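Spelled out, the chains give:
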Amino acid sequence: MLLDLGLLVARLAVAPMFVVAGWRKLIGWPPQQVIRLLEREELPYPTLLAAGTVALELVAPALLVLGVLTRWAAGALAIFTVWATWIAHRWWTFPPAEQVLQTGIALKNIAVAGLLILLALAGSGRFALRRD
C-alpha cells in the first residue's frame, strides 16, 4: 500500500515539469529556440522533432498521471530527458558565468531521469486507471 502511494506521488510530482515545458512550446508555436538548437546540432527535420517533443511532453505526463502505459511513458520521458540534457545543457560548453546554472539544470535532469527509470521499472502501482 505504501509503495503504491509512493508511486502515485512520484507520477504526480514529475508530470507537471513536462506539461509546463510542452505547453510553453505549444503556445509559442513554432518553438524557434528548440528548432534552432536542433539545427545547430545538425539533426534532421528539426521542426518535426520539435513537434514530437511537444507531443511527448504533453501526452506522456498525462499517461503518468492517469497511470496508463506508465512504464512506456516513463521510459520514453527518461530517454528524452537524458537526450535533451545532452543536447541543451552540456555545461562545459557554456561561458564560465553560465556553467553553474547549466550544471544545476543537468544534474536536476539526471535526477528526474532516475525517477522516471524507477517508474518505468516499477509501473503505476495500485492507484492507476490501468495497473501495469
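Everything below is about the structure shown above.
In this text the structure is predicted, and so the values were computed from the model without any measurement. (Residues numbered from 1 in each chain as written. Predicted model: local features only at pLDDT ≥ 70, side-chain atom pairs only at ≥ 80, totals over all residues. Heavy atoms only, no water.)

Undergrad: Summarise the pattern of salt bridges; cite the residues concerned and give the values.
TA: This model, assessed by the stated rule, comprises 3 salt bridges. Arginine 90 is the partner of glutamate 41 in a salt bridge, and the nearest nitrogen-oxygen pair spans 2.6 Å. Here the residue glutamate 41 occupies a position in the loop between helix 2 (32-40) and helix 3 (46-66), and arginine 90 occupies one in the loop between helix 4 (70-88) and helix 5 (96-122), the gap between them amounting to 49 residues. The exposure class of glutamate 41 is partly exposed, given its relative accessible area of 26%. (Salt bridge = Lys/Arg side-chain N within 4 Å of Asp/Glu carboxyl O. Helix = DSSP H or I, 4+ residues; strand = E, 2+ residues; numbered from the N terminus. Buried < 20%, exposed > 50% of the residue type's maximum accessible area, 1.4 Å probe, protein only.)

Undergrad: So, the packing of helix 3 against helix 4: which residues are in play, and what are the values?
TA: Packed helices, taken two at a time, are described by their axes: the angle between them and the distance between them. Orientation of helix 3 relative to helix 4, taken along the N-to-C sense of each, is 140°, at an axis distance of 9 Å. With respect to helix 4, the element helix 3 is oriented oblique. In this structure, helix 3 crosses over helix 4, and the sense of that crossing is left-handed. Here Thr53, Leu56, Glu57, Ala60, Pro61, Leu63 and Leu64 of helix 3 lie close against helix 4, whose contacting residues are Thr70, Ala73, Ala74, Ala76, Leu77 and Phe80. Here the residues of the contact of helix 3 with helix 4 are counted per class, giving 10 nonpolar, 2 polar and 1 charged. (Axes fitted to C-alpha atoms, helices over the stretch in contact; angles between N-to-C directions. Parallel < 35°, antiparallel > 145°, perpendicular 65-115°, else oblique. Left-handed = near helix turned anticlockwise from the far one by under 90°. Contact = heavy atoms within 4.5 Å. Nonpolar A, V, L, I, M, F, W, Y, C, P; charged D, E, K, R; others polar.)

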